Amino acid sequence: KRARLAKVHAYIISSLKKDMPSVFGKEGKKKELIKNLDQLYAQLQREHQISPGDFPDIQKMQEQLSNQDFTKFHPLDRRLLERVDKMLAEDIAKLMAMIPLDEEVRRQNDDDKIKGGAFDQVMETKTPFMYKGGEGINAGVGEVE
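To start, this report covers the structure provided alongside it. Just so it is clear, the model here is predicted, and its values are computed rather than measured.

How each quantity is defined
Residues numbered from 1 in each chain as written. Predicted model: local features only at pLDDT ≥ 70, side-chain atom pairs only at ≥ 80, totals over all residues. Heavy atoms only, no water. Core = buried A, V, L, I, M, F, W, Y, C linked by side-chain atoms within 4.5 Å. Buried < 20%, exposed > 50% of the residue type's maximum accessible area, 1.4 Å probe, protein only. Helix = DSSP H or I, 4+ residues; strand = E, 2+ residues; numbered from the N terminus. Contact = heavy atoms within 4.5 Å. Phe/Tyr/Trp six-rings, centres within 6.5 Å; stacked < 30°, edge-to-face > 60°. Salt bridge = Lys/Arg side-chain N within 4 Å of Asp/Glu carboxyl O.

A word on the nonpolar core
- Among the nonpolar cores identified, the biggest contains 20 residues, and Ile12, Leu16, Leu37, Tyr41, Phe55, Leu65 and Phe70 are the most heavily contacted of them.
- Within the residue set of this core, elements represented by two or more residues are helix H1 (2–19), helix H2 (26–35), helix H3 (37–48) and helix H4 (58–66).
- No other element matches the five residues that H1 contributes to this core.
- Apart from the residues lying within four places of it in its own chain, the contact partners of phenylalanine 70 are Leu16, Lys17, Met20, Lys30, Leu33, Ile34 and Leu65.

Side note on the side chain of aspartate 54
- Mapped onto the elements of the fold, aspartate 54 is located in the loop between H3 and H4.
- Those residues in contact with aspartate 54 that lie beyond four places of it in its chain are Arg4, Leu5 and Val8.

Description of the packing of aromatic side chains
- Across all of its chains, the model carries two aromatic pairs by this definition.
- With a centroid separation of 4.8 Å and 35° between ring planes, the pair formed by tyrosine 41 and phenylalanine 55 is classed as tilted. Remark: phenylalanine 55 occurs in the loop between H3 and H4 and tyrosine 41 occurs in helix H3; sequence separation between them is 14 residues. The pair formed by tyrosine 41 and phenylalanine 55 is uniform in burial state, with each residue classed as buried.
- Ring geometry for phenylalanine 70 and phenylalanine 73: centres 5.2 Å apart, planes at 25°, overall stacked.

Looking at the pattern of salt bridges
- Counted according to the given criterion, the structure contains four salt bridges.
- Of the charged contacts, one joins lysine 29 and glutamate 32 as a salt bridge, the two residues approaching to 3.8 Å between their closest N and O atoms. Here the residue lysine 29 and the residue glutamate 32 both occupy positions in helix H2, the gap between them amounting to three residues, near one helical turn.
- A salt bridge links lysine 86 to glutamate 90; its shortest N-O distance comes to 3.3 Å. Highlighted residues: lysine 86 and glutamate 90, both in helix H5 (residues 78–108), separated by four residues, approximately one helical turn.

Structural data, given as structure tokens:
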């Protein structure tokens, strides 16, 4: 999720930088771009097939952008985005495929259970709170008649 969010941020920032004038009217254009951020989101969704849920909250993004200098933003690095796409498509898929295998190995080695702590010796200790302590033959043990 963070990698997708970083990728979306890269698209947003590079688009804002690209739309900024190089010499005059920077502040006015900046305000216009921030105001029309929802249109930029829609454009990026169409161009790059990005889910709306991958975009940051628009109001929060507008607040953050109002304090930034758009001319200092970096242009889009296509190679870096290709590496992120490769990671999302291949590396994450490999990691996800390993999870069931790891869980099965833990189950086979009996490592999938919590051991120790407050539940140590619950089965063996004779207390009113022991496992099934107030049932069967032990029902009423310790009660005054």
